[in-house]
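Coordinate inspection notes
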Amino acid sequence: MTLPPSATDRLLSVLLALSQYPILANHIRDLMRRELFKRGLVDQKQFEREVIRKAIKSQEREGLQHPEIEEPAEVWERRKVVVRDQLTDYYFSHHLSFELIEDLIEEALTERGVTNHEALFEFNPEVAPQELLFNQGMMIEKMPPTERKHLEPRLREIKVVLIRNMISDQLRYINIARDWFTISDLAEVRRHKIGHGRIGGKAAGMLLAARILKDSPRAELRENLRTPESYYMASDLMYTFISINNLLHWNDQKYKPEDEMRRDYPKILEEYDQCEFPPGVIQRLETLLTTVGSQPLIVRSSSLLEDNFGTAFAGKYESIFLPNQGNFEDNLKALTGAIARIYASTLNPNALLYRRSKGLQDYDERMAVLIQVVEGNRFSDYYLPDISGVAFSHNQYRWSPQIRQEDGFIRLVWGLGTRAVDRVGNDYPRLIALSHPTLRPSSTVKSIRRYSQQYVDLIDLKDNSLKTLPIREVLTGDYPPLRYLAQVDQDGYFRSIRSRVIDAKPSQLILTFDELLRRTPFAERMRHILTVLEKEYRSPVDIEFIADVVEVDGKPDIRLSLIQCRPLSYMKESNQVSLPQDLDPDHIIFSSSIMVAGGWLEEINYVLFVPPEDYFSLPTQSGRNKLERAIGKLNAALEGENFICVGPGRWGTSNPDLGVHVDYADIFNTKALVELSGGGIGPAPEPSLGTHFFQDLLEGQIFPLATYIGEDHFNRDFFYKTPNRLGEWIQTEPSVQKHLRLIKVDDYRENHHIELVMNGEKGRAMAFLAESPRGRNGRLQ
């Protein structure tokens, strides 16, 4: 007889467990051979001859030409023992029952005075081979509930060890994941994993969220929820890559000064781009490309610290789209190049400075890589999803009092989701408050048109490239879900599209997403997903998603792919604070009435101010770069001081023409970031809610505010006539001092500081002068 697969798995698991007890294992195999010989299933002399023959074959495979003189006698004897045990296991599993092995184990244990039948499970999972953990975990999982009940603690222990070794060692993650993942789930991860280390935070969050939602009681959610086809390059492969390419000389980058980091980084990128991968990794990547065919890919960072509780690393590392439309060699070269660039991004100065600001500089931050098939559809020569975006289970920055914070919000775009998570300089996603999905921050036709999406990110299959194109060049009347995404701009109002025949020019199509919110279950389903995940994570969460509009029995439905989930950082609010009344106008420094969260910042002694007219008058990008670096230096110098930053347009924008182009690493010591608009500066900045930069601010407890000059209060004398203290803190070129001011509050009003009070319920904030306690005047010691 031959054991069925399940029994064979159980036998292998038992034998692997016995390997922890060599003396007992040897005795049990003696008993197994006794049964084989006694029953006439195998001839003992022929068995021994086969042992010698296979042992010699193994010597030949190892390249031994004269084994009788090349191999010591004790090694030869050990070789025969290994072959003899393998043959014993093979013949026993093909001829005898699992029940008999249980009897033989019982006999061996009894001979040694052991009567505890759980001895088979008495091994240390922390040091056991992974194969043993999977086999035993599978065996327990397949048992009837009544039989496995007393083994549940052992099953949980096995799952915890596998999760910690394969996925994440973060305890808050493990405490949730152990209740959801099955051994079968973990085995599926292993089948798609290259290497032996962990798969990192981004992959970990995606898998856990998908597993939680897979058990949803809502059939319509389970049927319309997908996880992209994913492959994982484990974190240990990064160190192999560094070692074989002689890159160890860059390992101390995280301890270098910022200027040196930034000076070295272009050279690091150049060196990593020239590197090679081990043959075994190349072979696995070739298999991956053969499997996915010509489907577009995205190669994403998934570091061990990424998407963790309190440290999202939002946007700090690379994610690279690969159209994957070339020949096999070109596609492989593009894939390995993308992986190398992600490895190099661990040395990106912005990532290193972020780690330093979070006290994580000394952590061994290894990078795993997540490779996914891009979800989407072909439209003409383009490939893109119908909608994508980022959603948050908690919304602290409301643009209307009726919006419920606990229902969350979404940043939504047509096409690839890059425009939803990045604060691009020339475009606007649709912001959706899930408590009131059709309630916009802007209400007039003019403002809706202005703040609608203008560009789309997509993959050009014909040109084999990632592109950003104007909406009017791509969106046409024959786009299948058009009527759910766009409306026609006609005669001063927006007209919904009711049929597949469109009597409008492409330039008249405006992406409003209104019909998506009115006629599909999108908003309600997203609200439900966020509620479920927040409950299970025991924390607010944010997710990234891709979705398509599909027709089911003539009705529109939404098919979702979850591509990321992580705990959400949020501001510690104080909505009980009251705005001061009857203040002398000369005491007010500035006010804000655009999406304010509750809070109170006390004893602000310094204000970093970028004068709008001076900033926008900078004639070259080089000049703006010098200003940005000076802001970063000043941020570092002011560590330990209470200061805020005030400047024109969008802080953190990718387009320097629209605001101050800085990274989180340049401003992480500030207490608030104030964006100025109006008064000739330009329109009110598009809210950065949900962008990677915004997430950094919340994580760092930095309050974002916006002041519209002409409607909000702005004390020009304070900002323009107070002496500039910049030169006392950092050395800069004279030209920079004109464009960057450091204001000491005590210089404007002696023995005073600024208090910044923010009332989230009223959506108002006010910064005003307050007298410092006696003996304190904000002077530096």
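In this report, we go over the structure that sits alongside the text. Per chain, the residues get numbers from 1 upward, laid out in the order the sequence is written. Only residues with pLDDT of at least 70 are given local features in this predicted model, and only at 80 or more are side-chain atom pairs given and counted; all residues enter the totals for whole chains, interfaces and linings. The basis for every side-chain value is the complete set of heavy atoms in the structure, and neither hydrogens nor water enter the calculation.

So, the pattern of salt bridges
A side-chain nitrogen of Lys or Arg and a carboxyl oxygen of Asp or Glu constitute a salt bridge if their distance falls within 4 Å. Under the criterion given, the structure shown has 48 salt bridges. Between Asp89 and Arg29 there is a salt bridge, with its nearest N and O atoms 2.8 Å apart. Taken together, the positions of Asp89 in helix 5 (residues 73-95) and Arg29 in helix 2 (residues 22-38) put the pair 60 residues apart, joining distant regions of the chain. No difference in accessibility class separates Asp89 from Arg29, as the two residues are buried. If you follow the salt bridges from partner to partner, you end up with Arg430, Arg440, Asp514, Glu515, Arg518 and Arg519 in one network. Per the convention used, a helix needs a DSSP run of H or I reaching at least four residues, while a strand needs a run of E reaching at least two, with both numbered from the N terminus. Only protein chains enter the accessibility calculation, which uses a 1.4 Å probe; a residue whose area is less than 20% of its type maximum is buried, one above 50% is exposed, and one in between is partly exposed.

Things to note about helix 15 (residues 258-273)
In this model helix 15 runs 23 Å from its N-terminal to its C-terminal C-alpha over 16 residues, within 8% of the 22 Å that 1.5 Å per residue would give. To get the bend at a residue, fit one axis to the 7 residues ending there and another to the 7 starting there, then take the angle between the axes. Along its length, helix 15 shows its largest kink, about 35 degrees, at Tyr265, and proline Pro266 lies within four residues downstream of that point. In this analysis, two residues are considered to be in contact whenever any of their non-hydrogen atoms come within 4.5 Å of each other. Along its buried surface, helix 15 packs onto helix 14 (236-244), helix 17 (328-344), helix 18 (349-357) and helix 26 (621-637). The length a helix should cover is 1.5 Å for every residue beyond the first.

With respect to the packing of helix 3 (residues 44-61) against helix 5
For helices, the fitted axis covers only the stretch in contact; all axes are lines through C-alpha atoms, and the angles between them, taken along N-to-C directions, range from 0 to 180 degrees. It is the contact of helix 3 with helix 5, at a shortest axis distance of 9 Å, that shows an interaxial angle of 120 degrees. Between helix 3 and helix 5, the crossing angle belongs to the class labelled oblique. With respect to the hand of their crossing, helix 3 and helix 5 are arranged in right-handed fashion. Within the contact between the two elements, helix 3 uses Phe47, Glu48, Glu50, Val51, Ile52, Lys54, Ala55, Ile56, Ser58 and Gln59 and helix 5 uses Trp76, Arg79, Lys80, Val83, Arg84, Leu87, Thr88 and Tyr91. Charged means Asp, Glu, Lys or Arg here, nonpolar means Ala, Val, Leu, Ile, Met, Phe, Trp, Tyr, Cys or Pro, and polar covers whatever is left, Gly included. Taken together, the residues of the contact of helix 3 with helix 5 sort by class into 9 nonpolar, 3 polar and 6 charged. An angle counts as roughly parallel when it lies under 35 degrees, as roughly antiparallel when it exceeds 145, as roughly perpendicular when it falls between 65 and 115, and as oblique in every other case. The crossing is said to be left-handed when, going from far helix to near helix, the turn is anticlockwise and less than a right angle, and right-handed when the turn is clockwise.

Structural notes on the nonpolar core
Trp414 and Phe522 are the most contacted members of the largest nonpolar core, which has 84 residues in total. Sort the elements by how many residues they give to this core and helix 12 (residues 201-214) lands first, with 8 residues. Excluding its chain neighbours within four sequence positions, the residues that come into contact with Phe522 are Ile387, Ile410, Leu412, Ile432, Leu516, Leu517, Phe545 and Ile558. Here the nonpolar core consists of buried residues drawn from Ala, Val, Leu, Ile, Met, Phe, Trp, Tyr and Cys, with membership extended through side-chain atoms lying within 4.5 Å. Leu288, Val299, Tyr343 and Val369 belong to the second largest nonpolar core, which has 39 residues in total.

Considering the pairing of strand 17 (residues 541-552)
Across the 12 residues of strand 17, 10 count as buried, placing the element largely inside the fold. With 6 bridges joining them, strand 9 (residues 387-392) and strand 17 adopt antiparallel strand pairing. Residue pairing for strand 17: Ile387 is matched across the bridge by Ala547. Relative to strand 18 (residues 555-567), strand 17 is paired through 12 bridges, and the arrangement is antiparallel. When the bridges of strand 18 are listed, Val541 appears paired with Pro567. Hairpin connection of strand 17 to strand 18: 2 residues between the antiparallel strands, including Asp553 at a positive phi of 55 degrees. In this scheme, strands are said to pair when DSSP sees at least two bridges between them.

Some thoughts on a negative patch on the surface
On the surface, a cluster of negative charge is contributed by Glu99, Glu102, Asp103 and Glu106. By secondary structure assignment, the location of Glu99 is in helix 6 (residues 98-111). Surface patches are drawn from residues lacking salt bridges whose relative accessible area is over 30%; two like charges belong together within 9 Å, two nonpolar side chains (Val, Leu, Ile, Met, Phe, Trp, Tyr) within 5 Å. All accessible-area figures derive from a Shrake-Rupley calculation using a 1.4 Å probe, and residue coverage is judged against the displayed protein chains alone. Residues scored as charged are limited to Lys and Arg (positive) and Asp and Glu (negative), so that His and the chain ends carry no count. We put the charge of a Lys on NZ, of an Arg on CZ, of an Asp on CG and of a Glu on CD.

Thoughts on the packing of helix 2 against helix 5
Each pair of packed helices gets described by two things: the angle between the helix axes and the distance between those axes. Contact geometry for helix 2 and helix 5: axes closest at 10 Å, N-to-C directions at 50 degrees. As judged from the angle between their axes, helix 2 and helix 5 are oblique. Handedness of the helix 2/helix 5 crossing: left-handed. Contact with helix 2, carried on its side by Asn26, Arg29, Met32, Arg33 and Leu36, involves Arg84, Asp85, Thr88, Asp89, Tyr91 and Phe92 of helix 5 and no other residues of that element. Partitioning the contact of helix 2 with helix 5 into residue classes produces 4 nonpolar, 2 polar and 5 charged.

Some details on unusual backbone geometry
Negative phi values dominate among residues other than glycine, just as trans dominates among peptide bonds. Despite not being glycine, Asn246 has its phi angle at roughly 55 degrees, a positive value. Of note, Glu603 is a non-glycine position whose phi angle comes to about 50 degrees, a positive value. Note that Glu603 resides in strand 20 (residues 599-604).

Examining the pairing of strand 25 (residues 741-744)
In strand 25, alternate side chains face the same way, and those of Arg741 and Ile743 on one face and Leu742 and Lys744 on the other are all buried. In terms of strand pairing, strand 21 (residues 606-609) meets strand 25 through 4 bridges, oriented antiparallel. Residue pairing for strand 25: Val607 is matched across the bridge by Ile743.

What about the packing of aromatic side chains?
In this analysis, rings of Phe, Tyr and Trp, with Trp reduced to its six-membered ring, are considered paired at centre separations within 6.5 Å, and the interplanar angle assigns stacked below 30 degrees, edge-to-face beyond 60, and tilted for intermediate values. Going through the model one piece at a time under the given rule, you end up with 22 aromatic pairs. Judged by centre distance (6.0 Å) and plane angle (50 degrees), the ring pair of Phe522 and Phe545 falls under tilted. Placement of Phe522 in helix 24 (residues 522-537) and of Phe545 in strand 17 is noted, with a sequence separation of 23 residues between them. Neither Phe522 nor Phe545 differs from the other in exposure class; each is buried. Considering the side-chain rings of Tyr606 and Trp729, the 5.6 Å spacing of their centres and the 80 degrees angle between planes classify their relative orientation as edge-to-face. With Tyr606 in strand 21 and Trp729 in the loop between helix 28 (716-721) and helix 29 (734-739), this pair connects stretches of sequence that are 123 residues apart.

What about the sheet that holds strand 22 (residues 643-648)?
Read across the sheet, 5 strands follow the order 24-23-22-21-25 without closing on themselves; strand pairing throughout is mixed. Sheet topology places strand 24 (703-709) and strand 25 at the edges, where each strand pairs with a single neighbour. Taken pair by pair, the neighbouring strands of this sheet meet at an average axis angle of 20 degrees, ignoring direction. Strand direction decides the pairing type here: strand 23 (residues 672-678) and strand 24, joined by 7 bridges, are parallel. Residue pairing across strands places Ser677 opposite Tyr708, the latter belonging to strand 24.

Overview of the sheet that holds strand 27 (residues 764-771)
With respect to topology, 4 strands assemble into an open sheet ordered 19-27-26-20, the strand pairing being antiparallel. Bordering the open sheet on either side are strand 19 (588-592) and strand 20, each of which pairs with just one other strand. Between one strand axis and the next, the sheet turns by 15 degrees as a mean value, whatever way the strands run. Judged from the 8 bridges that link them, strand 26 (residues 752-759) and strand 27 form a sheet pairing that is antiparallel. What sits directly across from His753, in strand 27, is Ala770.

Side note on the environment of Glu534
For Glu534, the position within the fold is in helix 24. Taking the C-alpha atoms as reference points, Glu534 and Pro567, separated by 33 residues in sequence, lie 8.4 Å from one another. With residues up to four places along the chain from it excluded, the contact list for Glu534 reads Ser393, Ser539, Pro540 and Val541.

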